[in-house]
Amino acid sequence: MDPGGLNDWEIMKEAPETKNPTIRRITEAVSGKKVTVAIHAARAAVSVGLLAPGNSKWRGAGSLFLTASTSLLQTRHRYGTDGSDQVANLVQTATGLARLSKNPQTKDAFLWYVGMQASLSYAASGWVKLLGEKWRDGSALPGVMRTRTYGFESAYRLTQRYPRSAKYLQHSVLAMECLFPVVYLAGGRLARPMIAAAGGFHVANGFVMGLGRFMTAFPAMHPMVAYTTAPRSHPLVAGRDDRAVKAAALLLAGGVAAAAVVAAQRRAVVREGWPTSRKFVTRHGNELVYETGGRDDGTDAPVLVFCAGLTSTSEHFAWITERFVNDSDCAVLSYARAGYAGSVRRTTAPFTLDESVDDLEDLIRATVPGHRKAVLVGHSLGGELIRRVSARIPDRIAGLVYLDPSHPAELQRSERQSEGAKDLRDNIAHAARYISLGTGILMSRPAWLDRLPVNYRDKVFAQYTDARLWKAGKREWAAVEEDFRSFDGDMPQVAAPALIVAAQQTVDQDPEQLLMYNELARVHRRGDVRIVEGADHDSLLTDVLFAYKTVQHMTDFLRATGSGHSESVADGEGAQR
């Protein structure tokens, strides 16, 4: 708790939990070293008292004190906490309230709550593990045993000496967790072996992985499991009130129904687009939704065509597109690729990146007037797509603007990108799977979303809680990995001039990225790289300050190439905000 220590309050008070003013004031009151130590001493004394025999109301009060003080110290002593603290709090709260209650039905409701929570905890843990490839192929246990944090060298060596046994052990743990709710079947006859297996699992983890607190926290739920699984004919549970089960089932059904309604509403918002949205059908039969804006009165200023990144939306460009629409002669066109937003992928052919390139080419040919050229603007994956399109229709392209773009060799040359590829693939797949089950209602609004212009936020949030976006992203990323890992290292020359706008954090975290950006610039007849200081891959678009800096770089590029009349965008105080 001393200055510079892990729990130095001057550092800890910046934690997300203290953003709430009320929580900050309460935590400030106990942040002093003497007060904190006194609370810990009181907790130790109460804990010793709870080890003494007896069944008084004071035991209930003691349990609630431990819960309250744990919550009070959570922000103050955040490091070292884990799932065992959550479970301990849950058990202490429920049993404390049960002990203080005079109503037997209320006591039974609290005990049922802990029993059902135990089943949910084990089952959720098991099914989440089951989604991981390493847990299914048996490599997770050896992998954990060889780590410095949770590993145990002797156990790791045993897994290497007896790999088949290690795999059976790992799959047995998975089966125990996934199937734990069966304790409520067969009249409770499966409760004893399942509780014994779970208890043995925690004891083993306590010795092997050092998770000693799990060894007491999770088995603290087992008495409630035993109580609620016993048949009502058993004399020790005679008169038990089981209405909590029906109430939980009713609440679950209501939650599922509410999730379905919210998902349907959000899907409708996503599919309807904007009042100005238009539709276009490509050669593949895909139906693309797009929006246009800006001057369309015979000017020869270019049309800026915006292409979004992976699992991104055309609304991410809002700060940039609105600036060009309002303060330049350029027209703007943004669209959603097939599967995103209101756009529909109707082809049944296997997906490749060429399909998206074809779609964009068809859209440009059909919507950009013949007397005006296009300046293609692509962010992330969108950058690679516009590069490929530009080779198809060089006579229609006035220039390309890459915003922190993908490079076709990045998975081969960047260790950071290559290592993160599998995690990205898994995360997108999990999001697609879970949101398809209706869990979009549980998603919180990401911080970057509330940096977009106000009138775009709800629409973008609806898209991010819709499974279609994640399914499209999963399909695209699979194609990207296959395409990029087979890249032969040669990019054809592009006649059109180009501007690469890079986020500082991107090139700082991975110097190879800057080398690839410079290489991309050299592919063009005239190419330039500009870095936006302080920006990261997403805030380059979503933060108004970084977006306006990007606009200024784009405007300078348009001036230098003679591509349009956009002086007013870069001039004046607005671009410097």
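Residues numbered from 1 in each chain as written. Predicted model: local features only at pLDDT ≥ 70, side-chain atom pairs only at ≥ 80, totals over all residues. Heavy atoms only, no water.

Is there a simple way to explain the overall build of the protein chain in this structure?
Helix and strand counts for the protein chain stand at 26 helices and eight strands. Expressed as a percentage of the 577 residues in the protein chain, the buried residues total 47%. When contacts within the protein chain are restricted to residue pairs at least 6 apart in sequence, long-range pairs at least 24 apart make up 74% of them. Carbon and sulfur atoms form 58% of the exposed surface of the protein chain, whose accessible area is close to 28,400 Å². Of the charged side chains in the protein chain, 69 are positive and 61 negative; the average position of the first set lies 10 Å away from that of the second. (Helix = DSSP H or I, 4+ residues; strand = E, 2+ residues; numbered from the N terminus. Buried < 20%, exposed > 50% of the residue type's maximum accessible area, 1.4 Å probe, protein only. Contact = heavy atoms within 4.5 Å. Areas by Shrake-Rupley, 256 points an atom, 1.4 Å probe, with all protein chains shown as cover. Lys, Arg positive; Asp, Glu negative; His and termini not counted. Charge placed at Lys NZ, Arg CZ, Asp CG, Glu CD.)

Help me out: how do you make sense of the pattern of salt bridges in this one?
Where charged atoms from two side chains of opposite charge come close, those side chains can pair. The tally for this structure, following the rule as stated, stands at 32 salt bridges. Between aspartate 556 and arginine 559 there is a salt bridge, with its nearest N and O atoms 3.9 Å apart. Note that aspartate 556 and arginine 559 are positioned in helix α25 (residues 544–561) at a spacing of three residues, about one turn of the helix. Connected via shared salt-bridge partners are Arg283, Asp358, Glu361, Asp362, Arg365 and Arg392. (Salt bridge = Lys/Arg side-chain N within 4 Å of Asp/Glu carboxyl O.)

Explanation requested: the packing of aromatic side chains in the structure shown.
Two aromatic rings are characterised by how far apart their centres lie and by the angle between their planes. Scanning the entire structure with this criterion turns up nine aromatic pairs. Taking the centre distance of 5.6 Å and the plane angle of 5 degrees together, the rings of phenylalanine 214 and phenylalanine 218 count as stacked. Accessibility classification places phenylalanine 214 together with phenylalanine 218 in one group, the buried group. Seen from the ring of tryptophan 274, lysine 459 lies directly overhead, with NZ or CZ sitting 4.9 Å from the centre. (Phe/Tyr/Trp six-rings, centres within 6.5 Å; stacked < 30°, edge-to-face > 60°. Lys NZ or Arg CZ within 6 Å of the ring centre and 35° of its normal.)

For this particular structure, what's the right way to read helix α14 (residues 243–272)?
One turn of the α-helix equals 3.6 residues, which is why residues spaced by three or four share an orientation. Here α14 spans 44 Å end to end across 30 residues, near enough to the 44 Å set by a 1.5 Å rise per residue. Listing the buried residues of α14 in full gives Ala244, Ala259, Arg266 and Val270. The secondary structure elements touched by the buried residues of α14 are α6 (104–130), α20 (454–464) and α21 (467–485). At the exit of α14 stands glycine 273, carrying a positive phi of roughly 70 degrees. (Expected span 1.5 Å × (residues − 1).)

Got a minute to help me understand the packing of helix α11 (residues 191–208) against helix α13 (residues 222–229) in this structure?
For any two helices packed against each other, the geometry is given by the interaxial angle and the distance between the axes. Two elements in contact, α11 and α13, have axes separated by 10 Å at closest approach and are oriented at 170 degrees. What the angle tells us is that α11 and α13 run roughly antiparallel. On α13, the residues touching Ala191, Ile195, Ala198 and Gly199 of α11 are His222, Val225, Ala226 and Thr229. Classifying every residue of the contact of α11 with α13 by side-chain character gives five nonpolar, three polar and no charged. (Axes fitted to C-alpha atoms, helices over the stretch in contact; angles between N-to-C directions. Parallel < 35°, antiparallel > 145°, perpendicular 65-115°, else oblique. Nonpolar A, V, L, I, M, F, W, Y, C, P; charged D, E, K, R; others polar.)

How do you make sense of the nonpolar core when you look at a structure like this?
Soluble, globular proteins show a tendency: their nonpolar side chains are buried together. In terms of nonpolar packing, the biggest core is built from 65 residues, with Val305, Tyr335, Leu360, Ile364, Leu376, Leu400 and Trp470 touching the most fellow members. With eight residues, the single largest contributor to this core is α21. Non-local contacts of tryptophan 470, meaning those with residues more than four positions away in its chain, are made with Thr311, Ile428, Ala431, Ala432, Ile435 and Tyr464. (Core = buried A, V, L, I, M, F, W, Y, C linked by side-chain atoms within 4.5 Å.)

Got a minute to help me understand the pairing of strand β6 (residues 397–403) in this structure?
Regular strands have side chains that alternate between both faces of the sheet. Extensive coverage of β6 is indicated by the burial of seven of its seven residues. As defined by bridge partners, strand β5 (residues 374–379) adjoins β6 across six bridges and the pair is classed as parallel. Note on β6: the bridge partner recorded for valine 377 is valine 401. In this fold, β5 hands off to helix α17 (residues 381–392), which returns the chain to β6; that crossover is right-handed. (Pairing = 2+ DSSP bridges. Right-handed = clockwise from strand over helix to strand, strands pointing away.)

Quick question: what am I supposed to make of the sheet that holds β6 here?
Strand pairing in a sheet is mediated by backbone hydrogen bonds. Such pairs are either parallel or antiparallel. Here we have eight strands laid out as an open sheet, ordered β1-β2-β4-β3-β5-β6-β7-β8, and mixed in their pairing. Each edge of the open sheet carries a strand with a single partner, namely β1 (278–281) and β8 (527–532). Across the sheet, the mean angle from the axis of one strand to that of its neighbour is 25 degrees, orientation sign disregarded. Running over the sheet, α17 touches β3 (303–307), β5 and β6 and is turned about 150 degrees from β5.

Whenever I open this one, the packing of helix α16 (residues 353–367) against α17 confuses me. Can you help?
Interaxial distance between α16 and α17 falls to 9 Å at its minimum, and their mutual angle equals 60 degrees. As the angle between them shows, α16 and α17 are arranged oblique. The way α16 lies across α17 gives a crossing that is right-handed. Residues Leu353, Asp354, Ser356, Val357, Asp358, Leu360, Glu361, Ile364 and Arg365 of α16 touch α17, and the partners they reach there are Leu385, Ile386, Arg388, Val389 and Arg392. Looking at the contact of α16 with α17 residue by residue, the class counts come to seven nonpolar, one polar and six charged. (Left-handed = near helix turned anticlockwise from the far one by under 90°.)

Can you walk me through unusual backbone geometry in this structure?
Glycine aside, negative phi is the norm for most residues, and most peptide bonds take the trans geometry. Notably, alanine 186 is not glycine yet its phi reads approximately 55 degrees, a positive angle. Within the secondary structure, alanine 186 sits in the loop between α10 (163–178) and α11. The phi torsion at serine 380 lies on the positive side, around 60 degrees, for a residue other than glycine. With respect to the element layout, serine 380 can be found in the loop between β5 and α17.

How do you make sense of the side chain of serine 101 when you look at a structure like this?
Tracing the backbone shows serine 101 in the loop between α5 (83–100) and α6. Once residues lying within four places of it in the same chain are set aside, the contact partners of serine 101 are Lys57, Thr106 and Lys107.

Can you walk me through the side chain of glutamate 361 in this structure?
Take glutamate 361: it is sitting in helix α16. Contact partners of glutamate 361, with chain neighbours within four places excluded, come to Arg283, Val389, Arg392 and Ile393.

Would you mind showing me how to read the state of the cysteines here?
Structurally, a disulfide amounts to a covalent bond that connects the sulfur atoms of two cysteines. The final tally for this structure, using the stated rule, is zero disulfides. Free of any disulfide, cysteine 330 has its nearest neighbouring cysteine sulfur in cysteine 307, separated by 18 Å. Residue cysteine 330 is classed as buried on the basis of its relative accessible area, which comes to 0%. (Disulfide = S-S within 2.5 Å.)

Function cannot be inferred from these measures alone, as they are strictly geometric.
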